[in-house]
Amino acid sequence: QVTLRAGAELDARQVNQYTLILRAACPGEDEVEERLFVQVTAGHVLRCDAPFASAEGDVVQVLADVAPRTPLYAVLPQPLGGLTVMGQGFPSPFFLQFRLRNHNTPLVLTRRGVVLAPDNGFDPSKDTQMFRLEIEVMDRHGHNCSGAVRVEVLPSLRPRVTFLESHQTVMVTEGIGPWEVVTRVHARGDNVRYAMLAPVAPMLFTIDEVTGEIRSTRRLELTRAHLLIRAYNALHPNDHATATINVTVQGTDRQAPRCVPGIFVSQVPETVSPGSILVTLRCTDSTSTDGCLHYALEGPPSSHSHFCMEGPRLKVNATLDYDSEAMAALGFQFTATIVVTVGGQPLQSTRVPVLVTVTPVNEFRPTCPSGATFTVPETAVFGSVVGRVAGTDRDYPLDSLEYSLEEGSGPAQPFSIDRRTGEIRVVGPLGSRQQKSYRLAVRLTDTHNDLDPRERKSRLCDVSVRLQAVPDQLPVCIPEVQELQITAGSPGSRQPVTRLLCHGSPDSAALTYTIAGGNEDGRFRLEGNALVYLSSGRAEPRPFVLLVEVWGGSGARRRSTVVALVVHVAPWSTPVPPSSSTQHTTLHKEPLVVMRTEAAWHPPAWFVAVLTISGALLLATLGCTAWNLLCR
């Protein structure tokens, strides 16, 4: 028994045949020597190469700030059937299956053998991290091998996010209005953004996520606030730092009114009626009664024309029409300031900013275009433009419509409509013989005309598409004039003369042929497009000029052309006995008739008169000009 040595690897590309010399001998007999030839053929073997298949596995190092789900490694085939680990996301063949044997790792192994970074990325705050993945590979024949990959995560080289001052104390005086800057924080790092973690309520302050400016949200009173601010890397949120800001609001000697709310921001629909109350201010003063407070509205003229103050109440003064260009120029927003003073003294005043945003209301239904009738040739090809349905809508944005065919496209309705432009195109065959026109039901639906996207209005429009009949093509015969010569056969026989080569429109009916002239004695007959001569007993030669009319099309659309045939018929000769006398016969030649059509233009009488008068005026002008030049 001959077996393969343990650990041996066969490679048909290196050695494809081994010669083994075998010797055998029995006791008392001579030794026998034979040769055994072992041929090695190439076969499918799945083998995992080192270092992927080693006990330690392959080692790859990455930085901790690599983006989530970044391709780190891929198990790839080698030309000789082996597998190895390569970096940066090269895809594996589709017929290999990859399975992760250990699941205690945040790394992800795809079906193509690509190792991805964790979904949330690596934690940059930790030191060097190590992850081991044990991967099993199997092909479609059931052959498998396995290997391991060790991913070493190194600390990031980018700077960490840190605050310059982790604790700050800020002193401000009461009476600071809304949206005024209180202080500013600054942190070092890449792509730094800011967020306020506490307090959640009451929300007295807000922070700009880019600049770090802390602003008040209302008029500040005597209070103390402890703010917890977080700075973080926008691309790596796990890289963050926190700081504490203590804000103390101190008292002041100013006796300005205190109003609630300190800032008014509202959204109102465009259908709000004039006279509606938007807000009622509740203002108090420690040294005066409410009767000494005065309210005034400051702002641009557009705000004064649409709003007014009636005591502490802000009211709508005019219609807020959203569907106008003037409103669009304002950005659909009105800004103003309510100034509250004590006894009319400007030094003792409070200013309440007002921001009113007008929201759209879908008020009007789309309007169908008048006379939506289009004409298209019946031979229009796929994609030909029929016309455009131009619907209108009075809601802003104006004419923001979607178009659709109520019954869709199909054999009974071979048209489609562009959803955005309303352009109708041909998407199927048209046939005027079966149908002269089409009636399309086009639905117009408005879009983006209401704050609620579900509030949409539509209208059905009737669109008529008429098919314009295209006359069939004239039959074409090649050539149009022929001169032929034949010899008559025996009396009563049929002699083929020629076959007409004509063609008409591709979709028209078969062509028909008739002899229109030159066949008075009935010597010729048409059998389809073949012309036949019927022989008789007459012996004189003569030419025949035949006019053959070729008809194409059907019904009222039949069109025809004429082919001219000049046929010279030689008489049929019969053998005669020899004779001592010689008879001379002079053949009578008839004239050859050639028909030619020339195009001539006969202008109307008024055109000749106008041309004559214009020529006379031109000659007179030239004569006067020459006379003036000679006189000078």
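Residues numbered from 1 in each chain as written. Predicted model: local features only at pLDDT ≥ 70, side-chain atom pairs only at ≥ 80, totals over all residues. Heavy atoms only, no water.

By the naming in an unreviewed UniProt entry, the protein chain is CDHR4 protein, taken from Erithacus rubecula. According to the UniProt record, the Subcellular location (unreviewed entry) comment for the protein chain reads "Membrane". (UniProt positions renumbered as here; feature names shortened; annotations may be inferred.)

Before going further, it helps to examine the nonpolar core. One recurring pattern in soluble globular proteins: nonpolar side chains tend to sit buried together. Among the nonpolar cores identified, the biggest contains 28 residues, and Leu278, Phe307, Leu314, Leu320 and Ile338 are the most heavily contacted of them. Broken down by secondary-structure element, the contributors of at least two residues to this core are strand S22 (264–269), strand S23 (277–280), strand S25 (293–298), strand S26 (307–310), strand S27 (313–316), strand S28 (333–342) and strand S29 (345–359). In contact with Leu320, not counting residues within four places along its chain, are Val268, Glu270, Val272, His306, Phe307, Met327, Phe334 and Val358. Counting 26 residues, the second-largest nonpolar core is a separate cluster that includes Phe52, Val60, Leu109 and Val115. (Core = buried A, V, L, I, M, F, W, Y, C linked by side-chain atoms within 4.5 Å. Buried < 20%, exposed > 50% of the residue type's maximum accessible area, 1.4 Å probe, protein only. Helix = DSSP H or I, 4+ residues; strand = E, 2+ residues; numbered from the N terminus. Contact = heavy atoms within 4.5 Å.)

Another point: the side chain of Ser266. Here Ser266 is to be found in strand S22. A relative accessible area of 19% places Ser266 in the buried class. Not counting the four nearest positions on each side in its chain, Ser266 is found in contact with Leu355, Val356 and Thr357.

Glancing now at the packing of aromatic side chains. The final tally for this structure, using the stated rule, is ten aromatic pairs. Here Phe307 and Phe334 contribute two aromatic rings whose centre-to-centre distance is 5.3 Å and whose plane-to-plane angle is 80°, an arrangement assigned as edge-to-face. Of this pair, Phe307 sits in strand S26 while Phe334 is found in strand S28, placing the two residues 27 residues apart along the sequence. No difference in accessibility class separates Phe307 from Phe334, as the two residues are buried. The structure contains a cluster of three or more aromatic residues connected by ring pairs, namely Tyr322, Phe332 and Tyr396. Of note, Arg394 hangs over the ring of Phe364, and the distance from its end group to the ring centre comes to 3.9 Å. (Phe/Tyr/Trp six-rings, centres within 6.5 Å; stacked < 30°, edge-to-face > 60°. Lys NZ or Arg CZ within 6 Å of the ring centre and 35° of its normal.)

Our next topic: the pattern of salt bridges. Scanning the entire structure with this criterion turns up 17 salt bridges. The closest approach of N and O atoms between Glu134 and Arg132, which form a salt bridge, is 3.5 Å. Each of Glu402, Arg419, Arg420 and Arg456 takes part in one network of salt bridges that share partners. (Salt bridge = Lys/Arg side-chain N within 4 Å of Asp/Glu carboxyl O.)

On to unusual backbone geometry. Of all residues except glycine, most have a negative phi; of all peptide bonds, most are trans. A cis amide bond links Val260 to the next residue, Pro261, at an omega of 5°. Looking at where Pro261 falls in the secondary structure, it is placed in the loop between strand S21 (258–260) and S22. That bond from Tyr396 to Pro397 is cis: its omega, 0°, falls within 30 degrees of zero. Following the sequence through the fold, Pro397 ends up in the loop between strand S31 (385–388) and strand S32 (401–405). Even without being glycine, Phe332 reaches a positive phi, approximately 60°. Among the secondary structure elements, Phe332 is positioned in the loop between helix H2 (325–329) and S28.

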